[in-house]
Amino acid sequence: QVQPMESGGGSVQAGESLRLSCTAPGFTRAGCGMEWYRQAAGKQREWVSSLAFDSTIRYANSVKGRFTISKDSANDTVYLQMNSLKPEDTAMYSCQTTSGVPYSRVCDGNWGQGTQVTVSS
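This is a predicted model, so every value here is computed, not measured. (Residues numbered from 1 in each chain as written. Predicted model: local features only at pLDDT ≥ 70, side-chain atom pairs only at ≥ 80, totals over all residues. Heavy atoms only, no water.)

(A) Geometry of the overall build of the protein. Secondary structure summary: the protein contains zero helices and ten strands in total. In sequence order, the secondary structure elements of the protein are arranged as β-β-β-β-β-β-β-β-β-β. Radius of gyration (C-alpha) of the protein: 14 Å, near the 14 Å computed for a compact globule of 121 residues. Expressed along its principal axes, the backbone C-alpha trace of the protein runs to roughly 45 × 25 × 25 Å. Expressed as a percentage of the 121 residues in the protein, the buried residues total 40%. Put simply, of all contacts in the protein between residues at least 6 apart along the chain, 55% involve residues at least 24 apart. Just so you have it, the protein exposes about 6600 Å², and 46% of that area is on carbon and sulfur atoms. Positive and negative side-chain charges in the protein, numbering 11 and 10 respectively, have mean positions lying 3 Å apart. (Helix = DSSP H or I, 4+ residues; strand = E, 2+ residues; numbered from the N terminus. Rg over C-alpha atoms; globule rule 2.2 N^0.38 Å. Buried < 20%, exposed > 50% of the residue type's maximum accessible area, 1.4 Å probe, protein only. Contact = heavy atoms within 4.5 Å. Areas by Shrake-Rupley, 256 points an atom, 1.4 Å probe, with all protein chains shown as cover. Lys, Arg positive; Asp, Glu negative; His and termini not counted. Charge placed at Lys NZ, Arg CZ, Asp CG, Glu CD.)

(B) Seen up close, the packing of aromatic side chains. Evaluation of the coordinates by the stated rule reveals one aromatic pair. Residues Y37 and W111 carry aromatic rings whose centres are separated by 5.1 Å and whose planes lie at 55° to one another, so their mutual orientation is tilted. With Y37 in strand β4 (residues 33–39) and W111 in the loop between β9 (91–98) and β10 (115–120), this residue pair connects regions lying 74 residues apart in the sequence. By relative accessible area, Y37 is classed as buried at 17%. We classify W111 as partly exposed; its relative accessible area is 27%. (Phe/Tyr/Trp six-rings, centres within 6.5 Å; stacked < 30°, edge-to-face > 60°.)

(C) Molecular detail of the sheet that holds strand β1 (residues 5–7). Strand order in this open sheet of four strands is β1-β3-β8-β7, and the pairing throughout is antiparallel. Across the chains shown, the open sheet's two edge strands, defined by having one partner strand only, are β1 and β7 (67–72). Going from strand to strand, the sheet's axes swing by 20° on average, the running direction of each strand aside. As paired strands, β7 and strand β8 (residues 77–82) are joined by six bridges and run antiparallel to one another. Within the sheet, the bridge partner assigned to D72 lies in β8 and is T77. (Pairing = 2+ DSSP bridges. Axes fitted to C-alpha atoms, helices over the stretch in contact; angles between N-to-C directions.)

Structure, rendered in structure tokens:
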């Protein structure tokens, strides 16, 4: 029901930074959390980071210390600040709404279309 939309991807050189945005109108009011995933060409989709409605934050080991997730609740937007980018970060990045407790159907498993990040060495 709550539909996310990603933006901010692009092509950069190794060591540079990007900030991705995930906007989902109504997701704050609905009590949703948000997760970031990425999928490189020919590989399985990988979980990157999560920000629960109660503000609990988690990161994958592969990005810990380099990426930062944050939110602007007033504008229904979650950000992923990506610093010190590496070629292995190249992937399609997507966001997904999540439901916590109590369960909310409107929050459960809604995906955006994704935004491409390409990092050259």
